[in-house]
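The lines below spell out each chain.
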Amino acid sequence: MGGKCSSSLSGRQRRYLRGRADATVKNFVPYYRRQLATALLRRVSGELDPHGKPAPQLLPSELPGPPDAALHDGLLSQYDGDSRSWQENYFVLLGDFTLQWFESEEALRTGCQPRGSTVLSGYRLLSSPSEYAESLADLCRGLAGGSPFADPPGEFLFFLYHPFRRHFCFCAASAGSRRIWRAALGDAVRYRSTELQRRDSLEAEAFLQAVRFYRQERGRYGAGDLLLGPEPEILGNVLMEDLLPVLRAQVLPSIRGSERRRRQLWLQFLQEVYTLVLSEISSEFQGFQKEKEKLHLELEKKIRPDLDQMLTLKDQIAGKLQAVVRIPAESWCSRGVEPHLDRVTEELARPVSSGVEAVRSLFAQRVDEMIGLVRSSPVAILRKELVTLGRTSWQPDVMHPCYEETDPYRESLRELEERFGFRGATGLVLGAQNLMQQLMQNATHTFQQLAQQHLARAQSPRQLARTLAKVKERVLKKFDYDSASLRERFTRDWLIRIFLPFLLKHLESGCKLELPRYESFVFADFSDIVNLENVYEETVLAVLLRAVGKALARASRRDVAPGPGGGSDEEPLYEEMG
């Protein structure tokens, strides 16, 4: 992979990278197949649970996604690395969260082609030159520092950073303009980067698990922020994780010129590498997508008739593994995890709880403003206001103050990277913001449905205002119940993502290497469904869950992350609305 670095990849470099990309997909697919089988077995067995998950009180929103119209547009100064100057462009953030830029607003309005466009998955939105310089220094390790851009035309800077894609250094005309752009672009980054996490599908669950197991086989525990973006980008991230040290060692020394020029060429080279790798992976992965539906049907036919036998076999293997794994796992958990659980639980619960409270207050405020219109406005105006209320969760500048409550995460959880190898702070922040948006969507949707029922009945304005106030209080009670449940689940899930990789890593030499001894217990007919490594991990997870459950109970008593244990004195809203 060595050789001279230029603005374009050599034929030899392209062949090498294509080979690595093809090999990545081919090596990954068996893991994906196994996790599809494991996820389906878990889902089918879950159908036997008479209780299942507790039903939410709010009605799930039927909104499929963001509105189709452009979310924001306007002039921004953008730094151009080639000319080393700031240039003004007219930017448009489309409803599908693609960012386009034009020479001018007139060019956009007259139908000219954009100067460029980019999808925003995998980007990070940075607020200061120091944050950007820190990210750049890590990526350009081995190159001297210095300012990454010339003197800006103003003070209102912000940045879009991706290690392997084009960087965007922006300067807005005012603090207000920067605030609105940051809110809109933050929504875009979050929506694009958490596609799989928001998708409640067997395939998404299996894919994310497969990436974890794929990396663990190579001694890398805890995928963290590598899991952001659609499937090909995630596999591209995994491959670039392997390639980056090789490229640094073999290509970076060959780049000639001033330090600024070397850094510019190095970034361009990484962008070309990533573009090629991503294209190759997308093509290869698409081939497996066609096979996946057929595989799913085959697994269904195999699992459902023999489900009882498979679950019995799985329990037998788990019993044998527990005899070997439980004591070392409990020992590592008590020494390495439990002393930190209470503090980390509090650090996880506090920002998301503050954000949820901000969402609750915002919802109540918007509804109160609407009720204030009832006495002086015709019903037609009120119906329009209801539609506007339903769009609240897709108004970035309105929701942004709620999302800002998650800002403390990056600092408060910083030491987790050093102590536990946790590198998922960005995913954690985006996950908390997704939770807030989901609650706002469900609350506004529920209020809309109930309010529409009362609008259909003839009432005086005063009666209608009183009725809507009661509907608001009813929705807020349901909001409190659902938010408690979601916050507890969020905290539990992230405690597992932080501490489970740590436990698995330290148990590898003493426990995981013993797994081949148990392969003979898996019936040949079920070997592609009952996966020994999954059973082993579930055994370790059970130990961690006991410790996490105790920590959450203690936190609940301290009113940090209360769960929904108190129940609700109301009938489910589904029955009420029937």
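Up top is the structure these notes are about.
All of these numbers come straight from a predicted model, not from anything done at the bench.

Trainee: Any details on the environment of Pro 232? Residues and values, ideally.
Mentor: Considering the arrangement of structural elements, one finds Pro 232 in helix α7 (residues 231-250). Judged by relative accessible area, which is 19%, Pro 232 ranks as buried. Between the alpha carbons of Pro 232 and Leu 278 there is a distance of 6.5 Å; along the sequence they are 46 residues apart. When neighbours within four sequence positions are excluded, Pro 232 is seen to be in contact with Leu 278, Ile 281 and Ser 282.

Trainee: Report on the pattern of salt bridges, specifying residues and quantitative values.
Mentor: If you walk through the whole model with that rule in mind, you get 35 salt bridges. Here Arg 141 and Asp 138 are joined by a salt bridge, their closest N and O atoms 2.8 Å apart. On the basis of relative accessibility, which here comes to 44%, the residue Asp 138 falls in the partly exposed class. Between Glu 538 and Lys 314 there is a salt bridge, and its shortest N-O distance comes to 3.2 Å. In this pair, Glu 538 is assigned in helix α16 (residues 532-557) and Lys 314 in helix α9 (residues 307-374), connecting sequence segments 224 residues apart. Here Glu 538 falls in the partly exposed class, since its relative accessible area comes to 29%.

Trainee: Lay out the sheet that holds strand β7 (residues 168-172) in plain terms, naming residues and giving numbers.
Mentor: One open sheet accounts for seven strands, arranged β4-β3-β2-β1-β7-β6-β5; its pairing is antiparallel. Of all the strands in the sheet, the pair left with one neighbour each is β4 (116-119) and β5 (124-126). Each adjacent strand pair in this sheet contributes to an overall mean axis angle of 35°, direction not counted. Judged from the nine bridges that link them, strand β1 (residues 72-80) and strand β2 (residues 85-93) form a sheet pairing that is antiparallel. Residue pairing in the sheet places Gly 74 in a bridge with Phe 91 of β2. The strands touched by helix α4 (residues 175-193) are β1, β2, β3 (98-102), β4, β5, β6 (156-161) and β7; relative to β6, the strand with the most contacts, the crossing angle is about 10°.

Trainee: Can you explain the nonpolar core? Please cite residues and give values.
Mentor: Phe 207, Trp 266 and Phe 447 are the most contacted members of the largest nonpolar core, which has 151 residues in total. At 22 residues, α9 tops the list of elements feeding residues into this core. Filtering out sequence-adjacent residues up to four positions away, Trp 266 remains in contact with Leu 139, Cys 140, Leu 143, Leu 244, Leu 247, Arg 248, Leu 252 and Ile 255. In this structure, Phe 97, Phe 156, Ala 184 and Tyr 191 belong to the second largest nonpolar core, which totals 21 residues.

Trainee: I'd love a proper account of the packing of aromatic side chains, names of residues and values included.
Mentor: This model, assessed by the stated rule, comprises 30 aromatic pairs. Aromatic pair Phe 28 and Tyr 32: ring centres 5.9 Å apart, planes at 35°, arrangement tilted. With Phe 28 and Tyr 32 both in helix α1 (residues 11-46) and four residues apart, the pair spans about one turn of that helix. For Tyr 32, a relative accessible area of 0% puts it in the buried group. Centroid distance Phe 97 to Tyr 191: 5.0 Å. Interplanar angle 50°. Geometry classified as tilted. Here Phe 97 is found in the loop between β2 and β3, whereas its partner Tyr 191 is found in helix α4, with 94 residues between them in sequence. For the pair shown, Phe 97 and Tyr 191 are each scored as buried. Three or more aromatic residues joined by ring pairs form one cluster here, namely Phe 28, Tyr 31, Tyr 32, Phe 207, Tyr 214, Phe 285 and Phe 288. Sitting over the ring of Tyr 31, Arg 34 keeps its end group 4.7 Å from the ring centre.

What counts and how
- Residues numbered from 1 in each chain as written.
- Predicted model: local features only at pLDDT ≥ 70, side-chain atom pairs only at ≥ 80, totals over all residues.
- Heavy atoms only, no water.
- Helix = DSSP H or I, 4+ residues; strand = E, 2+ residues; numbered from the N terminus.
- Buried < 20%, exposed > 50% of the residue type's maximum accessible area, 1.4 Å probe, protein only.
- Contact = heavy atoms within 4.5 Å.
- Salt bridge = Lys/Arg side-chain N within 4 Å of Asp/Glu carboxyl O.
- Pairing = 2+ DSSP bridges.
- Axes fitted to C-alpha atoms, helices over the stretch in contact; angles between N-to-C directions.
- Core = buried A, V, L, I, M, F, W, Y, C linked by side-chain atoms within 4.5 Å.
- Phe/Tyr/Trp six-rings, centres within 6.5 Å; stacked < 30°, edge-to-face > 60°.
- Lys NZ or Arg CZ within 6 Å of the ring centre and 35° of its normal.

All we've got here are geometric facts, nothing functional implied.
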